[in-house]
Amino acid sequence: MELGLGSKHALVTGSTAGIGYAIAKGLAAEGAHVVLTGRTQAGIDAALKRLRDSVPEAKVTGIAADCATAEGADAVFARVPELDVLVNNLGIYGRKPAFEIDDGEWRRFFEVNVMSGIRFTRHYAPGMARRGWGRVLFVSSESALNIPPEMIHYGMTKTAQLSVSHGFAMELAGTGVTVNALLPGPTHTENTDRLRAERAKAAGVTVAEIEAAFLRDHRPTSLIRRFTSADEVAALGVYLCSEAASGTSGAAMRVDGGVVNQIM
Ligand SMILES: NC(=O)c1ccc[n+]([C@@H]2O[C@H](COP(=O)([O-])OP(=O)(O)OC[C@H]3O[C@@H](n4cnc5c(N)ncnc54)[C@H](OP(=O)(O)O)[C@@H]3O)[C@@H](O)[C@H]2O)c1
C-alpha cells in the first residue's frame, strides 16, 4: 500500500523511546521528514543514532524540549513553524490507589497527558487546514474505555483525549485535516518493561510470571493473550497519519489486542 508520506513533515511528542519512537521510526521509514522530541539533548542524540542505525535513509532531526509544558511547547513551535503530521504521543502513567491521588497529581496528569496535545494541536492544525491537508493523532489507550482501578487519574486523561480529538476533528470538518485517537493496549516499551522488571524483582518472581498475572488479573479480556510490541502499535499509528487514511477522522482506533470487549 502506498501511504503517501514521502513529502510530509511530521513531529512526534515524547519520541525518544517507546510507542512515540516506534511511530517516528515508522514515519521515517515511509520517507517523511520526522522531528523527535525529548527532554534532554543526550536522550535526543541517542534516539537519533538508534533511528538512523535502523533506517539509514531517515530524514530525522530532534529537539530537546519538555513538550508537557507551555514553555517547552513554545520552544518547539519556534523551531518548527509548520507541520503536516502531528502525533500527540507524550503521556505519563503510574499506579496509585484512588484515594491517595491528591489535587496536584490529578492536575499533573491532566497537564501532561491532555494539555500537551491540546497546545500542539491548537498551534499546528490551523496551518494544516489553510494548506488543505493534515493529520493529527492522539495516542490515547484502552484505559480510556476500561478505566484501570490501579490508576484512575491516568484513565481520566485517556478518556479526555477521546473527547478532545473528536472535538478537534469536528472543528476541522471539510478542511482535509483528520484527527484521530489511537488506543493501544498493554505494550512492551523500555519504560513498561523496566517497571515490570522492578515489580518482578520485588515479588521474587520472573518477568514472564508478572506479565501472565497482569493479563489474568487486570486485562482478562485480552484476545491475543500477550503484550503487543511498540512496532505493532506504530503500524496502525503510521497508517492513520498517512494519505491512505483520508477517509478516517474523529475515530478512536484500537490496537489493544482485543482488551476492550466490545465490537465497536
Ligand atoms: N506503554 C503502554 O503499555 C501503553 C499502553 C497504552 C497507551 N500508552 C500511551 O502511549 C504513549 C507512550 O507511552 P510509552 O510507554 O511509549 O511512553 P514512555 O516510554 O514512558 O515515554 C515516552 C517518552 O516520553 C518522554 N517523557 C516521559 N515522561 C515525561 C514527562 N514527565 N514529561 C515529558 N516527557 C516525558 C520520555 O522522553 P525523555 O525522557 O527523552 O524526555 C520518553 O522517551 C502514552 O501516551 C501512553 O499513555 C502506552
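Before any of the text, the structure's been laid out above.
Below is a summary of the structure that appears in this document. (Residues numbered from 1 in each chain as written. Predicted model: local features only at pLDDT ≥ 70, side-chain atom pairs only at ≥ 80, totals over all residues. Heavy atoms only, no water.)

### A short note on helix α5 (residues 152-171)
As a reminder of what qualifies: A run of DSSP states H or I qualifies as a helix once it reaches four residues; a run of E qualifies as a strand once it reaches two. Both are numbered from the N-terminal end. In this analysis, the expected span of each helix is defined as 1.5 Å times one less than the number of residues it contains. Note on classification: 1.4 Å probe, protein chains only; a residue is buried when its accessible area is under 20% of the maximum for its type, exposed when over 50%, partly exposed between these limits. Residue contacts are defined here by distance: any two heavy atoms, one from each residue, within 4.5 Å place the two residues in contact.
With 20 residues, α5 should reach 28 Å at 1.5 Å per residue; the first-to-last C-alpha distance of 29 Å fits that figure. Among all positions in α5, only H153, Y154, G155, T157, K158, A160, Q161, L162, V164, S165, F168 and A169 are buried. Looking at the buried side of α5, the elements it contacts are β4 (85-88), α4 (103-131), β5 (134-139), β6 (177-184) and β9 (252-255).

### Here's the deal with the sheet that holds β4
Our working definition: Any two strands are treated as partners once DSSP identifies two or more bridges connecting them. In this analysis an axis means a line fitted to C-alpha atoms, helices contributing only their contacting stretch, and an angle means the value between N-to-C directions, from 0 to 180 degrees.
A sheet is described by the order of its strands in space; here seven strands give the open sequence β3-β2-β1-β4-β5-β6-β9, paired in parallel fashion. At either end of the open sheet lies a strand with only one pairing partner, and these are β3 (59-64) and β9. Between one strand and the next, the sheet's axes are offset by a mean angle of 20°, whatever the strand orientation.

### What about the site of the ligand?
Rules: Any residue with a non-hydrogen atom lying within 4 Å of a molecule or strand is treated as near it. Nitrogen and oxygen atoms within 3.5 Å of one another constitute a polar contact, given that in protein one can donate a hydrogen and the other can accept it, and given that sequence-neighbouring residues count only through two side-chain atoms. Note that accessible areas follow from Shrake-Rupley with a 1.4 Å probe, and for residues the cover is restricted to the protein chains shown. Think of it as three bins: nonpolar holds Ala, Val, Leu, Ile, Met, Phe, Trp, Tyr, Cys and Pro, charged holds Asp, Glu, Lys and Arg, and polar takes everything else, Gly as well.
Around the ligand sit 26 residues in total, of which T16, R39, N89, Y93 and Y154 are the nearest. Note that an oxygen atom of the ligand is positioned 3.0 Å from one of the backbone N or O atoms of T187. A distance of 3.0 Å separates an oxygen atom of the ligand from a polar atom in the side chain of N191. With the chains in place, 87% of the 880 Å² that the ligand exposes on its own is no longer accessible. The set of elements that each furnish at least two residues to the shell around the ligand consists of α1 (18-29), α5 and α6 (190-203). In terms of residue class, the shell around the ligand is built from ten nonpolar, 13 polar and three charged.

### Quick word on the pairing of β5
Heads up, the rule is: Handedness of a crossover is defined as follows: orient the strands so they point away from the viewer, and if the path from the first strand over the helix to the second runs clockwise, the crossover is right-handed.
In terms of residue burial, β5 counts as a mostly covered element, since six of its six residues are buried. Burial of β5 is two-sided: the residues G134, V136 and F138 facing one way and the residues R135, L137 and V139 facing the other way are all buried. The pairing of β4 with β5 spans four bridges and is parallel. Residue V85 lies in a different strand from β5, and its bridge partner there is R135. In this fold, β4 hands off to α4, which returns the chain to β5; that crossover is right-handed. Relative to β6, β5 is paired through six bridges, and the arrangement is parallel.

### A word on the packing of α6 against helix α7 (residues 207-217)
Operational definition: In this scheme, roughly parallel covers angles under 35 degrees and roughly antiparallel covers those over 145, while 65 to 115 is roughly perpendicular and the rest are oblique.
In the contact formed by α6 and α7, the axes pass within 8 Å of each other and the chain directions differ by 105°. Here α6 is positioned roughly perpendicular relative to α7, judged by the angle of their axes. Every residue of α7 that contacts α6 at R196, A197, R199 and A200 is listed here: V207, I210 and E211. Looking at the contact of α6 with α7 residue by residue, the class counts come to four nonpolar, no polar and three charged.

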